Amino acid sequence: MPVPNTGNFVTFAEMNIFKVKISFEEKGLEGVELPIAEGESVLDVCLENGIELQHNCGGVCGCSTCHVYVNKGMDNIQEISDKEEDFIDRAVNPRINSRLGCQCVVIDGDIEITLPDQNQFLGH
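Residues numbered from 1 in each chain as written. Predicted model: local features only at pLDDT ≥ 70, side-chain atom pairs only at ≥ 80, totals over all residues. Heavy atoms only, no water.

Concerning the nonpolar core
We count it as follows: Nonpolar cores are built from buried Ala, Val, Leu, Ile, Met, Phe, Trp, Tyr and Cys residues. Side-chain atoms within 4.5 Å join them into one set. Each residue is assigned to one of three classes by its accessible area relative to the maximum for its type, calculated with a 1.4 Å probe on protein chains only: buried under 20%, partly exposed between the two thresholds, exposed over 50%. Under the DSSP-based scheme used, a helix requires at least four consecutive residues in state H or I and a strand at least two consecutive residues in state E, with every element numbered from the N terminus. Should any heavy atoms of two residues lie within 4.5 Å, those residues are considered in contact.
With 26 residues, the main nonpolar core has Val20, Ile22, Ile113 and Leu115 as its most contacted residues. Looking at this core, the elements that each hand over two or more residues are strand S1 (17-24), strand S2 (32-37), helix H1 (42-48), strand S3 (67-72), helix H2 (82-88) and strand S5 (111-115). Contacts of Ile113, omitting those with residues within four sequence positions, involve Val20, Lys21, Ile22, Ser23, Val42, Val68, Tyr69, Val70 and Asn71.

Describing unusual backbone geometry
For Cys61, which is not a glycine, the phi torsion comes out positive at approximately 60°. One can find Cys61 in the loop between H1 and S3. Positive phi, normally seen in glycine, also occurs at Asn93, with a value near 55°. Secondary-structure assignment places Asn93 in the loop between H2 and strand S4 (98-100). Its relative accessible area of 53% is what places Asn93 among the exposed residues.

Points about the side chain of Ser98
Definition in use: For this analysis, a polar contact is any N or O atom pair within 3.5 Å, provided that within protein one partner can donate a hydrogen and the other can accept it, and provided that sequence-adjacent residues contribute only side-chain to side-chain pairs.
Relative to the helices and strands, Ser98 resides in strand S4. According to the relative accessible area criterion, Ser98 is buried, its value standing at 4%. Within polar-contact distance, the side chain of Ser98 engages the side chain of His67 at 2.7 Å. Setting aside residues no more than four positions away along its own chain, Ser98 makes contact with His67, Val68, Tyr69, Ile88 and Asn93.

Overview of the pattern of salt bridges
Where we set the bar: Any carboxyl oxygen of Asp or Glu that lies within 4 Å of a side-chain nitrogen of Lys or Arg is treated as forming a salt bridge with it.
If you walk through the whole model with that rule in mind, you get 3 salt bridges. Salt-bridge contacts for Glu33 lead to Lys19; the nearest nitrogen and oxygen are separated by 3.8 Å. Taken together, the residues span a long stretch of sequence, with Glu33 in strand S2 and Lys19 in strand S1 at a distance of 14 residues. Under the relative-accessibility criterion, Lys19 is labelled partly exposed at 39%. Two residues, Glu84 and Arg99, come together in a salt bridge whose shortest N-O distance is 2.8 Å. Of the two residues, Glu84 sits in helix H2 while Arg99 sits in strand S4, which places them 15 residues apart along the sequence.

Side note on the sheet that holds S1
The following threshold applies: Should DSSP find at least two bridges between two strands, the strands are taken to pair. For helices, the fitted axis covers only the stretch in contact; all axes are lines through C-alpha atoms, and the angles between them, taken along N-to-C directions, range from 0 to 180 degrees.
Spatially, S2-S1-S5-S3-S4 is the arrangement adopted by the 5 strands of the open sheet, whose pairing is mixed. Lying at the two open borders of the sheet, with one neighbouring strand each, are S2 and S4. In this sheet, neighbouring strand axes are inclined to one another by 40° on average, regardless of whether the strands run parallel or antiparallel. Across 6 bridges, S1 lies against S2 in antiparallel orientation. Residue pairing across strands places Ile17 opposite Ala37, the latter belonging to S2.

This is the structure:
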């Protein structure tokens, strides 16, 4: 069967797009709702949209500065690894719903998160 002529267009596989609702602990910042693609991390979405989320290690699960709280949709992100758990233990004010933004990779569905006050990181 011949391939149809698509001209100069490139065909991409269908990508699932979900929503991430972001709240901020920092006073004066209003929450936002942004699209997040399947396989994309919370850290990437924040950086792409001008939201400051510290990431001293460059987003490779080597520190705890991109620490976030997942309020809803924990089942919609990749499972936590032992390495991530170790770094969360070092985060400022960790909670039961703490995750690292670089490791919050959406796999299926919407999520809601809160970003801790980023002013707590000196030198940034």
